[in-house]
Amino acid sequence: MRTRAEERGAVPGPVPVLVPAPETLPVPGGRRVDLWLVRCVRADPDARATPDPLAAPGVRDVLDAAERKRAASLRRPADRALYVASHLALRTLLGAYLRVPAREVALVREPCPGCGGPHGRPAVPGTPPPLHFSLSHSHGLALIGVAAVPVGVDVQRVPGPGTVDACAPSLHPAERAELDRLPPGARPGAFAQLWARKEAYLKGIGTGLARPASADYLGADTRARPHGWTVTDLPRADGHTAAVAVLGTAPPVPCVRRLPVRVSSPHLTD
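Worth saying up front: this structure is predicted, and the values here are computed from it rather than measured.

Basis of the calculations
Residues numbered from 1 in each chain as written. Predicted model: local features only at pLDDT ≥ 70, side-chain atom pairs only at ≥ 80, totals over all residues. Heavy atoms only, no water. Helix = DSSP H or I, 4+ residues; strand = E, 2+ residues; numbered from the N terminus. Buried < 20%, exposed > 50% of the residue type's maximum accessible area, 1.4 Å probe, protein only. Contact = heavy atoms within 4.5 Å. Expected span 1.5 Å × (residues − 1). Axes fitted to C-alpha atoms, helices over the stretch in contact; angles between N-to-C directions. Parallel < 35°, antiparallel > 145°, perpendicular 65-115°, else oblique. Left-handed = near helix turned anticlockwise from the far one by under 90°. Nonpolar A, V, L, I, M, F, W, Y, C, P; charged D, E, K, R; others polar.

Participant: Would you take a moment to explain the overall build of the protein for this structure?
Facilitator: Helix and strand counts for the protein stand at six helices and 10 strands. Classification of the 270 residues of the protein by burial places 50% in the buried group. Of the contacts made within the protein by residues no fewer than 6 positions apart, 68% connect residues no fewer than 24 positions apart.

Participant: Got a minute to help me understand the environment of Gly 248 in this structure?
Facilitator: Take Gly 248: it is sitting in the loop between strand 8 (240-247) and strand 9 (253-258). Among all residues touching Gly 248, those that are not within four sequence positions of it are Arg 31, Gly 228, Trp 229 and Thr 230.

Participant: So what exactly am I meant to see when it comes to helix 6 (residues 187-205) here?
Facilitator: One turn of an α-helix holds 3.6 residues; hence residues three or four places apart share an orientation. Between the first and last C-alpha of helix 6 there are 27 Å, a value that for 19 residues agrees with the 27 Å anticipated at 1.5 Å per step. The buried count for helix 6 comes to 16 of 19 residues, which makes it a mostly enclosed element. Immediately downstream of helix 6, the backbone of Gly 206 shows phi near 95°, a positive value.

Participant: What am I meant to see in the side chain of Asp 216 here?
Facilitator: Tracing the chain through its elements places Asp 216 in the loop between helix 6 and strand 7 (229-237). Overall, the relative accessible area of 8% leaves Asp 216 in the buried class.

Participant: Which parts of the structure should I look at to understand the packing of helix 5 (residues 173-180) against helix 6?
Facilitator: Helix-helix packing: each pair is described by the crossing angle between the helix axes and the interaxial distance. Helix 6 packs onto helix 5 with a crossing angle of 155° between their chain directions and a minimal axis gap of 10 Å. Between helix 5 and helix 6, the crossing angle belongs to the class labelled roughly antiparallel. Considering how the two elements wind past one another, helix 5 and helix 6 form a crossing that is right-handed. Contacts between helix 5 and helix 6 involve Glu 175, Leu 179 and Asp 180 from the former and Arg 187, Ala 190, Phe 191, Leu 194 and Lys 198 from the latter. Residues belonging to the contact of helix 5 with helix 6 are distributed by class as follows: four nonpolar, no polar and four charged.

Below, the structure is given as structure tokens:
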């Protein structure tokens, strides 16, 4: 979901202690979910040039051809910078969990839940895989989730009323009814949180938005949400909402940290 075009860094909840980029990490066990934040901030507005993040040292050694192609297709410098930073962070973290250099992290596509084709959610190889992960980015902020079981994460910038009006008809009928009962000023925030839950769940099951947004209820009534998954809101702050979806019915135990990844771009990561 695209929202307002402003690029302003924000974190969905209290900011934990800033940690350095790790060299090794233990794979989360049980219901633990490691959540990593990458925040892009505006660089010097007086800078004369806008460096291409794909040209930063090491980027081409770490990102694969598909990631570089996708980044190059993004016309807005801020979108390209966030994409590069978030994928560098993802590969850095996966390398730390898997005990391999970031440039050696192998990614595959799981079978599509709808047709069985090789274009499902990205995963690390293995039967079963040694870990599961999910990545989301929106307007200056990226969120990465890592768990021992299938997981989905999503972060959303709170949209304007026009976006809510345009997207609300695609929701589940019960979700639309909930939004309609809210005062106008509360609808954008509620919609953003709802959409974060929905995308986190759809990423978790592997369909993404190929599955209609109206097919599943992810509203305020936790008892009516899809069976077999737990979807948890993360604290909201500074214009962003976020959610994490984990396979299973026991509440997850999120551990949120910030990851500093710096790239040469107009939106440097902090």
